[in-house]
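# Descriptive analysis of the structure
What follows is the residue order along each chain.
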Protein chains: 2
Amino acid sequence: MTKKFNNRPIGIFDSGVGGLTVLKEIERLLPFEDIIYFGDTARVPYGNKSKSTIVKFSTECTLFLLKNKVKMIVIACNTSSALALEHLRNVFTIPIIGVITAGVNKVLSLNSADKIGIIGTRSTIVSGSYEREIQSFNRKAKVYSQACPLFVPLVEEGLLKGKIVNQAIDMYLKRFSKNRVDAVILGCTHYPLLKPQISRYLKGTFIVDSAKEVASYTKTLLLSKNLLSSNKYKGKKIFYVSDEPMAFARLAKLFLKRKIPTPKIVNV
Amino acid sequence: MTKKFNNRPIGIFDSGVGGLTVLKEIERLLPFEDIIYFGDTARVPYGNKSKSTIVKFSTECTLFLLKNKVKMIVIACNTSSALALEHLRNVFTIPIIGVITAGVNKVLSLNSADKIGIIGTRSTIVSGSYEREIQSFNRKAKVYSQACPLFVPLVEEGLLKGKIVNQAIDMYLKRFSKNRVDAVILGCTHYPLLKPQISRYLKGTFIVDSAKEVASYTKTLLLSKNLLSSNKYKGKKIFYVSDEPMAFARLAKLFLKRKIPTPKIVNV
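## Comments concerning the overall build of chain A
- Assigned secondary structure in chain A consists of 11 helices and 10 strands.
- In terms of overall size, chain A behaves like a compact globule, its C-alpha atoms giving a radius of gyration of 18 Å where 268 residues would be expected to give roughly 18 Å.
- For the C-alpha atoms alone, the extent of chain A along its principal axes is close to 60 × 40 × 35 Å.
- Residues classed as buried in chain A amount to 60% of the 268 residues present.
- Sequence-distant contacts, at least 24 apart, represent 75% of the contacts inside chain A between residues at least 6 apart.
- Of the accessible surface of chain A, which amounts to about 11,800 Å², a share of 53% is contributed by carbon and sulfur atoms.
- Taking the average location of the 42 positive side-chain charges in chain A and that of its 19 negative ones, the two points are 3 Å from each other.

See below:
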């Protein structure tokens, strides 16, 4: 018997482990949904690669999830959302959402957030996607963008606080502090793990965590399309990676605060 | 007319830009040799990936260089030397050398270097390759290994000195300092750029720069096989990458202290 379409899993992909911050918020908000997560750990990171390469890799991730009969796809990777979302929407008919629109909607809903900071990988920042999306709705907004290439390796080293972290934050965010930005979007899925330190450094600045926002965007979309699961038990989570499943499982604990079974390896 | 075999270029590959430290030493020592360099920037870094993935990627790099009619191959990447060299030698007949044996030979030639430190990427350190190779020649040697995953992103951010660099060095190398190691092998092609700071931190410790050692190993090999170029003018250097040629050219300046033409993109 084929599964009812609305009881199919949600598909999530990311370049690696960072997208688990998105999975965590989705499972908190939509506990009955099954989820298939794919982390492209053989080719991680995406953040320093070109648009054509990211479109190619993202298409392969999407095809893998479609083969696994998902009902919608969440691109948990900011770089991929910035550079490949439009292409994927043109090619595939299934609903696909990214983290950027979600973060931007949140920041636009804030009162008097006219000076907005964006932090992300080099490719995300260079793409100008956040900036364009914000300014298409609020032309008066002043947007400050900053690539923070050390943040991902710091998180993956398990360094979430301490001297090195504080100095990296100071190096990258001094300009935000000087210009007294009203809000900052964490434009990379690893960054929520540094949120406590970033908040402390940018006192009084509203921090937008895209992971949370994309989770509520996912819920809204499933509701509006009548696609919520009818199951009434905790959804199943299945994890796939393209390399190093043990390292993924180890890092997953840092992101999810719980153990996961070792993911299966797939070639995409 | 086909080129005489000894006038064919030397092929060098690396996961990205780091192997340019090797190219620089080879061109210093062997100025008349043509060189083809391939940096696999679409899949960089290799240092956190599995053996089977690194063997696959390294085989593809080798095939690309063979298509370009090189006379020998230098694997400028430590991770690939640690995990794929043996496999490549079993599969291909052309001379192939890696950076590990070169570094180990140097350290073994030092008098009374009994406490030896190795630093590298996580995959290089986990492979135990340096340790095995050292101990097969000097069973009394005490080897201290340390993965330093922040060093590559620091170098790629252009951070070669300053507070963050010093703190990362202190975090990783404290144990070497405490145990008074006699010599340290820089087991990753990015690390020579941090050599001044590492030397300062580990006063009195001999620092082995694998890039220099593999260059003299290359010369010895070409001499012994009668394969030195007969040209008497400065050798041509051609650069290829699998992604982001502009970023490669920008970083190349940091490594080579000169400008290079923008590399060509190839799919491997």
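## Digging into the relation of the copies chain A and chain B
- Note on the copies: chain A fits chain B at an RMSD of 0.0 Å, the axial shift is 0.0 Å, and the rotation between them is 180°. The symmetry that links the two subunits is that of a two-fold axis. Of every C-alpha in chain A, the one belonging to R43 of chain A sits nearest the axis of rotation, 2.5 Å from it.
- An overlap of 96% is found between the interface residues of chain A and their copies at the interface of chain B, pointing to a shared contact surface.

## Quick look at the interface of chain A and chain B
- Listed by partner, the interface residues are 28 residues for chain A and 27 residues for chain B.
- Of the roughly 2,100 Å² buried where chain A meets chain B, counting both sides, 55% is carbon and sulfur surface.
- Of all residues in chain A, E157, I164 and Q167 of chain A give up the largest surface area on contact with chain B, accounting jointly for 25% of the area buried on that side.
- Run the count over chain A and chain B and you get two salt bridges.

## Considering the pattern of salt bridges
- The tally for this structure, following the rule as stated, stands at 18 salt bridges over all chains.
- Among the salt bridges present, the one from E25 of chain A reaches R28 of chain A, with a minimum N-O distance of 3.2 Å. Of this pair, E25 of chain A and R28 of chain A are both found in helix 1 (residues 20–29), three residues apart, which corresponds to roughly one turn of the helix.
- Residue R28 of chain A is classed as exposed on the basis of its relative accessible area of 55%.
- A salt bridge links K174 of chain B to D170 of chain B; the nearest nitrogen and oxygen atoms lie 3.7 Å apart.

## Details of the packing of aromatic side chains
- Here the structure, examined in full by the defined rule, presents 16 aromatic pairs over all chains.
- Relative to Y240 of chain A, the ring of F64 of chain A has its centre 5.0 Å away and its plane inclined at 75°; by these criteria the two rings are edge-to-face. Of this pair, F64 of chain A sits in helix 2 (residues 51–67) while Y240 of chain A sits in strand 9 (residues 237–241), and the two are 176 residues apart along the sequence. Across this residue pair, the class does not change: F64 of chain A and Y240 of chain A are buried.
- Summarising the aromatic geometry, the rings of F38 of chain B and F64 of chain B are spaced 5.1 Å apart at their centres and angled 45° between planes, so their arrangement reads as tilted. With a gap of 26 residues between them, F38 of chain B in strand 2 (residues 35–39) and F64 of chain B in helix 2 (residues 51–67) connect regions that are remote in the sequence.

What counts as what
Residues numbered from 1 in each chain as written. Chains lettered and ligands numbered in written order. Predicted model: local features only at pLDDT ≥ 70, side-chain atom pairs only at ≥ 80, totals over all residues. Heavy atoms only, no water. Helix = DSSP H or I, 4+ residues; strand = E, 2+ residues; numbered from the N terminus. Rg over C-alpha atoms; globule rule 2.2 N^0.38 Å. Buried < 20%, exposed > 50% of the residue type's maximum accessible area, 1.4 Å probe, protein only. Contact = heavy atoms within 4.5 Å. Areas by Shrake-Rupley, 256 points an atom, 1.4 Å probe, with all protein chains shown as cover. Lys, Arg positive; Asp, Glu negative; His and termini not counted. Charge placed at Lys NZ, Arg CZ, Asp CG, Glu CD. Least-squares fit on C-alpha atoms with pLDDT ≥ 70 in both. Buried area = accessible area lost by both parts, 1.4 Å probe. Salt bridge = Lys/Arg side-chain N within 4 Å of Asp/Glu carboxyl O. Phe/Tyr/Trp six-rings, centres within 6.5 Å; stacked < 30°, edge-to-face > 60°.

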